[in-house]
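Next come the chains, spelled out residue by residue.
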Amino acid sequence: MVTASPPTLGVVGGGQLGRMLAESASPLGVELLVLDPTPDCPASPVARDQIVGDFDDEDAIRKLAERADVLTFEIELADSNVLEAVEAEYDVPVHPDPGTLRMIQDKLVQKRTLKEQGIPVPDFRPVDDRDDLLSAGEEFGYPMMLKARKGGYDGRGNVPVESTEDVDAALDEVSGELMVEKFVPFERELSVIAVKGDDEITTFPVGENVHEDEILRETVVPARAPESVRERAEEVARDVLSVLSGRGVYGIELFEGENGAISVNEIAPRPHNSGHYTIEGALTSQFEQHVRGVLGYPLGATDLRSPVVMSNVLGDVVDSQPADLSGVGEVLSTHGASFHWYGKREVRPLRKMGHVTLVGEESGTEPSTADLLTDARSLTDQLTFQ
Ligand code: ATP
Ligand code: MG
């Protein structure tokens, strides 16, 4: 496993996920080569090298394949067709499977695939025109969630439809192929970071995700849900993995509905924002697990070290501007707090710029996750770009 010439992991995408992947690959003696269109992307200072090119730039992906022992991606915009082609041509394994990526890229195909396999998902329908949306409204009732099938992230591409009067405005807001879902009146949003290794599957403890404006603010672990609900969430996550092919980390977003019923919101075929807590909070981080998984190494232990809260540092600005952050000293001087900066030069409204992790005390009275959440939130609230 450890050899004189270190294995190179080729990664499509060099954002914060690529940066944290490179950070955790280093102790294992694994080097990263990232492909990203932005020169000096977040991953570039910690990766061995960057190829500057688009996520679907065929020549650039070929260059990546030529130099890599294994290929993976940290962004769903990776081109599944090109990855499939280079996998055969260059005889370089791609994990997760390009076919899995393709299935996940289209939210409608993803939901259909899960449903066919008996995995619980909210009711959904394809939407080709206004009539489809109106008739879904009759069937599902309002509100509903109209979604772009492809390319959405951080809630962009999703529009709640409150009533029949809202239908036209909602359709104007999203473009491309569409689908609609019944609105789930959830108790909590949960997620499970699940990992496929060569011959094994592991799951991290269930996280509870606090969203605001459809964007992830905080992840609380363990989730403050009854144990039976957490067990069910993990069971559903394992069922989801059985549908997916290819090794690596998957982030599985779930709704805890009425009476603890679990349904799947969506799958990310990569490390997930709600798994950042694992860096300080678990025995192995999701990023190290991904490296181990895609290279076919044995997976690490996923136990929690202590209760933990991760809080996103989002752009608190109205316009784009150079990213000068103040308030970091307070985080650094707080016991159990860690700060992660993604190295983005420009801050934009609600852009993910970094995160704060707060772990519980190792000894003495452990703070409740509710206390950790309050403290992590107030630390993050003091961070400002203004
Ligand atoms: P991400 O924020 O993970 O990048 P995304 O932009 O692909 O995701 P979704 O995960 O589909 O968007 O939705 C974002 C958020 O919108 C969810 O976390 C949830 O809060 C809300 N949401 C989505 N679908 C539904 C639904 N059917 N019922 C209720 N809320 C929903
Ligand atoms: Mg989501």
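These remarks concern the structure in this document. (Residues numbered from 1 in each chain as written. Chains lettered and ligands numbered in written order. Predicted model: local features only at pLDDT ≥ 70, side-chain atom pairs only at ≥ 80, totals over all residues. Heavy atoms only, no water.)

**Brief notes about the site of ligand 1**
- Around ligand 1, a shell composed of 21 residues is seen, among which Lys107, Asp154, Gly155, Glu189 and Glu266 lie nearest.
- Between ligand 1 and Lys147 there is a distance of 2.8 Å, counted from an oxygen atom to a side-chain nitrogen or oxygen.
- The separation between a nitrogen atom of ligand 1 and a polar main-chain atom of Val184 is 2.9 Å.
- About the coverage of ligand 1: the protein hides 93% of its 610 Å² of free accessible area.
- Elements supplying a minimum of two residues to the shell around ligand 1: β6 (144–148), β8 (178–182), β13 (248–256) and β14 (262–268).
- Across the shell around ligand 1, the residue classes break down as six nonpolar, five polar and 10 charged. (Near = heavy atom within 4 Å. Polar contact = N/O pair within 3.5 Å; in protein donor to acceptor, adjacent residues only side chain to side chain. Areas by Shrake-Rupley, 256 points an atom, 1.4 Å probe, with all protein chains shown as cover. Helix = DSSP H or I, 4+ residues; strand = E, 2+ residues; numbered from the N terminus. Nonpolar A, V, L, I, M, F, W, Y, C, P; charged D, E, K, R; others polar.)

**Some details on the nonpolar core**
- Ranked by size, the top nonpolar core spans 27 residues in total, and within it Leu190, Val240, Leu244, Ile252, Leu254, Val264 and Ile267 carry the most contacts.
- Looking at which element gives the most residues to this core, the answer is helix α8 (residues 227–243), with six residues.
- In this structure Ile252 touches Leu190, Ser191, Val192, Ala194, Ala237, Val240, Leu241, Val264, Glu266 and Ile267, once residues within four positions along its chain are discounted.
- Grouped together as the second largest cluster of nonpolar side chains are 20 residues, Leu9, Val11, Ala43 and Ala47 included. (Core = buried A, V, L, I, M, F, W, Y, C linked by side-chain atoms within 4.5 Å. Buried < 20%, exposed > 50% of the residue type's maximum accessible area, 1.4 Å probe, protein only. Contact = heavy atoms within 4.5 Å.)

**Looking at the coordination of the magnesium ion (ligand 2)**
- At 2.0 to 2.7 Å from the magnesium ion (ligand 2) lie its protein donor atoms, namely Glu253 (OE), Glu253 (OE) and Glu266 (OE).
- Here the magnesium ion (ligand 2) is ringed by six donor atoms whose angles at the metal span 51 to 177°, and the overall shape comes out irregular. Remark: Glu266 occurs in strand β14 and Glu253 occurs in strand β13; sequence separation between them is 13 residues.
- Assessed through its relative accessible area of 22%, Glu266 is described here as partly exposed. (Donors = N, O, S within 2.8 Å, 3.2 Å for Na, K, Ca; no water. Tetrahedral: all angles 85-135°; square planar, octahedral: opposite > 155°, others 65-115°.)

**Concerning the layout of surface pockets**
- By volume, the second largest pocket amounts to about 290 Å³.
- For the lining of the second largest pocket, the elements supplying multiple residues, two or more each, are β11 (207–212), β12 (215–221), β15 (308–314) and α12 (369–381).
- For the lining of the second largest pocket, the element with the most residues is β15, which contributes four residues.
- By residue class, the composition of the lining of the second largest pocket is seven nonpolar, five polar and six charged. (1 Å grid on protein atoms, 1.4 Å probe; cavity = no way out; pocket = protein on both sides within 12 Å on 5 of 7 lines; lining within 4 Å. Points joined across faces, edges and corners; volume = space filled by probe spheres on them.)

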